[in-house]
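Listed here are the chains, written in short residue letters.
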Amino acid sequence: QVQLVESGGGLVQPGGSLRLSCTASGNIFRINTMGWYRQTQGQQRDMVALITAGGITNYMDSVKGRFTISRDNALNTVYLQMHSLNPEDTAVYYCNADLIRTDATHIGRYWGQGTQVTVSS
């Protein structure tokens with residue numbers, strides 16, 4: 001089995017910062033791309049940031065210059081450092097990983113359970 005567990009969400013004032021973490025565990029052979037998505041009620045889940053195993057990153061336009069994605073391959077962990085948060089960043093943030101399990105030959109996409117980020121004064 002594979003699990004992705006997120007942490008670091010919470011309530012922050014506008015202009016504040018938060019750091020999200022997500023660790024993958026279980027029978028993992030290799031992790032390719034890891035990423036963060038976010039979703040508000042009634043809306044689709046949008047990609048926020050992605051990072052390949054080699055460290056190539058991609059961001060949605062509205063977070064460029066404010067959010068930084070990084071990963072520690074030895075720990076199977078991906079991070080999202082968020083600065084200059086505004087109320088429009090309020091959402092449930094989900095991490096995901098495209099990975100190969102030790103008992104599989106194909107890449108599967110796995111999701112965390114989500115962590116709430118609320119930006120409000």
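Notes on the structure in this doc start here. Please read all numbers here as calculations on a predicted model, not as lab measurements.

## Quick notes on the nonpolar core
One finds W36, V48, L80, M82 and Y93 to be the most contacted residues of the largest nonpolar core, which totals 30 residues. Listed by contribution, the elements that provide at least two residues to this core are β1 (2-7), β3 (18-26), β4 (28-39), β5 (46-51), β7 (67-72), β8 (77-82), β9 (91-101) and β11 (115-119). The element that contributes the greatest number of residues to this core is β9, accounting for five residues. Apart from the residues within four sequence positions on either side, Y93 is in contact with E6, L20, W36, Y37, R38, V48, F67, L80, M82, G114, T115 and V117.

## As for unusual backbone geometry
Backbone geometry places N76, a non-glycine residue, at a positive phi of 55°. For N76, the position within the fold is in the loop between β7 and β8. The exposure class of N76 is partly exposed, given its relative accessible area of 25%. Positive phi values are uncommon outside glycine, yet S84 reaches one of about 50°. Inspection of the secondary structure puts S84 in the loop between β8 and β9. By relative accessible area, which is 43% here, S84 ends up partly exposed.

## Comments concerning the state of the cysteines
Enumeration over the complete set of coordinates arrives at one disulfide. The disulfide bridge from C22 ends at C95, spanning 1.9 Å between sulfur atoms. Here C95 lies in strand β9 and C22 lies in strand β3, a separation of 73 residues in the sequence.

## Some thoughts on the packing of aromatic side chains
Summed over the entire model, instances satisfying the criterion amount to one aromatic pair. With centroids separated by 5.0 Å and ring planes inclined at 70°, the aromatic side chains of Y37 and W111 adopt a geometry described as edge-to-face. With Y37 in strand β4 and W111 in strand β10 (residues 108-111), this residue pair connects regions lying 74 residues apart in the sequence. Y37 gets classed as buried once you look at its relative accessible area, which sits at 11%. A cation over a ring is seen here: R19 above Y79, with NZ or CZ 4.1 Å from the ring centre.

## Thoughts on the side chain of N96
One can find N96 in strand β9. The exposure class assigned to N96 is buried, which follows from its relative accessible area of 2%. Not counting residues within four places of it along the chain, the set of residues in contact with N96 comprises L4, T33, M34, G35, Y37, R109, Y110 and W111.

## Looking at the side chain of R66
By the element assignment, R66 lies in the loop between β6 (57-59) and β7. R66 sits in the buried class, given a relative accessible area of 15%. A distance of 2.9 Å separates the side chain of R66 from the backbone oxygen of S62, its partner in a polar contact. Apart from the residues lying within four places of it in its own chain, the contact partners of R66 are Q81, M82, H83, S84, L85, N86 and D89.

What counts as what
- The residue numbers shown here count from 1 along each chain, following its written sequence.
- Where local features are concerned, this predicted model is filtered to residues with pLDDT of at least 70; where side-chain atom pairs are given and counted, the filter is 80 or more; whole-chain, interface and lining totals use all residues.
- Neither water nor hydrogens contribute to the side-chain values; these are computed over all heavy atoms in the structure.
- Here the nonpolar core consists of buried residues drawn from Ala, Val, Leu, Ile, Met, Phe, Trp, Tyr and Cys, with membership extended through side-chain atoms lying within 4.5 Å.
- Classification of residues uses two cut-offs on accessible area relative to the type maximum, computed with a 1.4 Å probe and protein chains only: under 20% is buried, over 50% is exposed, and between them is partly exposed.
- Strands are runs of DSSP state E lasting at least 2 residues, helices are runs of H or I lasting at least 4, and numbering of each runs from the N terminus.
- The contact criterion used throughout is that any non-hydrogen atoms of two residues lie within 4.5 Å.
- Disulfide assignment relies on a single distance test, namely cysteine sulfur atoms paired within 2.5 Å.
- Any two of the Phe, Tyr and Trp rings considered here, Trp counted by its six-membered ring, make a pair once their centres fall within 6.5 Å; the pair's planes then place it as stacked at under 30 degrees, edge-to-face at over 60, or tilted in between.
- Look at NZ for Lys and CZ for Arg. If either is within 6 Å of the ring centre and within 35 degrees of the ring normal, a charge sits over the ring.
- Residues adjacent in sequence count toward polar contacts only when both atoms are side-chain atoms; beyond that, a polar contact is any pair of N or O atoms within 3.5 Å, and within protein one must be able to donate a hydrogen and the other to accept it.

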